[in-house]
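Fold and geometry: a report
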Amino acid sequence: MPNDTDNLLGIYLKDRRTRLDPAAFGIPATRRRTPGLRREEVAQRAHISPTWYTWLEQGRGGAPSADVLNRISGALMLTDVEREHVFLLGLGRPPEVRYKAAEGVTPRLQRLLDVLDASPALIRSATWEVVAWNAAAAAVLTDYGALPPGQRNILRLIFGNSQVRAAQYDWESVARFVVGAFRADAARAGAVSEVSQLVDELCTLSPEFETLWRDNNVNVHGEGLKRLRHPIAGPIAFEYSAFAVDGRPDLSMVVYNPATEEDAAIVRSLVATRQNRR
């Protein structure tokens, strides 16, 4: 019999099993020697052999397949984080990403954006839809709130909006980088099929996009320097950084920090002017 150190997966599965309430699954209340579901009940829900599931908890079942781990995760009603933990224990790797379309952000995440008064910041989905932004982003980058939700896509703006294009000092370099980073983000989040319609649309809209897409380059957004040509304030320089949103593989945050105090003053002035007009 393996020791506890060798059987971390079995220990974790047993712990999750004993935390479940049988009544929540429509199982009649009976006297049980231990809390939670029985092993055979989990096995039935997962459509696997009760003997094999017992061996798995005991560390004698051998390496489970990804399909079996997915079925056991469903049977135990595991969260995405718990399911990932099971895969890491059982297979030494995370599960394949299940893409979920973004439905906005939490109030706490929005407050984090809003506190960055001089730094344009936004949250984008894996398909590069802008789902949240702060006042500085609206004043400096694009007034996303004035656009229909379907038009708040960064690629649509880069390739289809003349004002956004004019704001880039080196549009061709920016466009090439954006397409490569978009391709990498969509693949990382398991959203390749979800972006196919957008890609077809952009290929029809822009021969330049079609050429760049067919180059098959990939980039990591990471961090770097971005210079904009604002139509009112003129040149503004930023140091940008992109961050993954913990627990949300479909979302990433991009923050544009003014490169100098002069740039920060320009941003604050643009925000104040915009707020005074409202």
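For the structure itself, look to the data block above.
Quick notes on the rules
- Residues numbered from 1 in each chain as written.
- Predicted model: local features only at pLDDT ≥ 70, side-chain atom pairs only at ≥ 80, totals over all residues.
- Heavy atoms only, no water.
- Helix = DSSP H or I, 4+ residues; strand = E, 2+ residues; numbered from the N terminus.
- Contact = heavy atoms within 4.5 Å.
- Expected span 1.5 Å × (residues − 1).
- Buried < 20%, exposed > 50% of the residue type's maximum accessible area, 1.4 Å probe, protein only.
- Arc of directions from axis to C-beta.
- Pairing = 2+ DSSP bridges.
- Axes fitted to C-alpha atoms, helices over the stretch in contact; angles between N-to-C directions.
- Parallel < 35°, antiparallel > 145°, perpendicular 65-115°, else oblique.
- Nonpolar A, V, L, I, M, F, W, Y, C, P; charged D, E, K, R; others polar.
- Phe/Tyr/Trp six-rings, centres within 6.5 Å; stacked < 30°, edge-to-face > 60°.
- Lys NZ or Arg CZ within 6 Å of the ring centre and 35° of its normal.

Observations regarding the side chain of Arg274
- Structurally, Arg274 is set in helix 13 (residues 261-277).
- What Arg274 contacts, discounting residues up to four positions off in sequence, is Ala138, Ala139 and Asp143.

Quick look at helix 13
- The first and last C-alpha atoms of helix 13 sit 25 Å apart over 17 residues, in line with the 24 Å expected at 1.5 Å per residue.
- Those residues of helix 13 not exposed but buried are Asp263, Ala264, Val267, Leu270, Val271 and Arg274. Viewed along the axis of helix 13, the buried residues span an arc of 125°, placing them on a single side of the element. With respect to the buried face of helix 13, the exposed residues turned more than 90 degrees away are Glu261, Glu262 and Asn276.
- Here the buried face of helix 13 lies against helix 7 (135-140), strand 3 (223-230), strand 4 (234-245) and strand 5 (248-258).

Considering the sheet that holds strand 4
- Strands sit in the order 2-1-5-4-3 across an open sheet of five strands; the sheet is antiparallel. Looking along the sheet, the strands with just one partner apiece sit at the ends: strand 2 (130-133) and strand 3. The mean inter-strand angle of the sheet, taken between neighbouring strand axes irrespective of direction, is 30°.
- As defined by bridge partners, strand 1 (residues 121-125) adjoins strand 2 across three bridges and the pair is classed as antiparallel. Bridged to Arg124 within strand 2 is Val130.
- Against the sheet, helix 6 (residues 107-114) makes contact with strand 1, strand 2, strand 4 and strand 5, and its axis sits at roughly 60° relative to strand 2, the strand it touches most.

Comments concerning the environment of Ala265
- Residue position: Ala265 is located in helix 13.
- Look at Ala265 and you get partly exposed, because its relative accessible area is 43%.

With respect to the packing of helix 11 (residues 196-205) against helix 12 (residues 207-214)
- Relative to each other, helix 11 and helix 12 sit at 125°, their axes nearing to 5 Å. Compared by their axis directions, helix 11 and helix 12 come out oblique. Contacts between helix 11 and helix 12 involve Val199, Leu202, Cys203 and Leu205 on the former and, on the latter, Pro207, Phe209, Glu210 and Trp213.
- Its residues assigned to classes, the contact of helix 11 with helix 12 comprises seven nonpolar, no polar and one charged.

Side note on the packing of aromatic side chains
- Inspection of every chain in the model, using the stated rule, returns eight aromatic pairs.
- Centroid distance Phe159 to Trp171: 5.5 Å. Interplanar angle 80°. Geometry classified as edge-to-face. Of this pair, Phe159 sits in helix 8 (residues 154-160) while Trp171 sits in helix 10 (residues 171-188), and the two are twelve residues apart along the sequence. With respect to class, Phe159 is no different from Trp171; both count as buried.
- Pairing Phe159 with Phe209 gives two aromatic rings, centres 5.2 Å apart and planes at 85°, and the pair type is edge-to-face. In this pair, Phe159 sits in helix 8 while Phe209 sits in helix 12, placing the two residues 50 residues apart along the sequence.
- By relative accessible area, Phe159 is classed as buried at 8%.
- When its relative accessible area of 0% is taken as the criterion, Phe209 is described as buried.
- Connected via pairs of aromatic rings, a cluster forms that spans Trp128, Phe159, Trp171, Phe182, Phe209 and Trp213.
- One cation-aromatic arrangement involves Arg227 over Tyr169; the distance from NZ or CZ to the ring centre is 4.0 Å.

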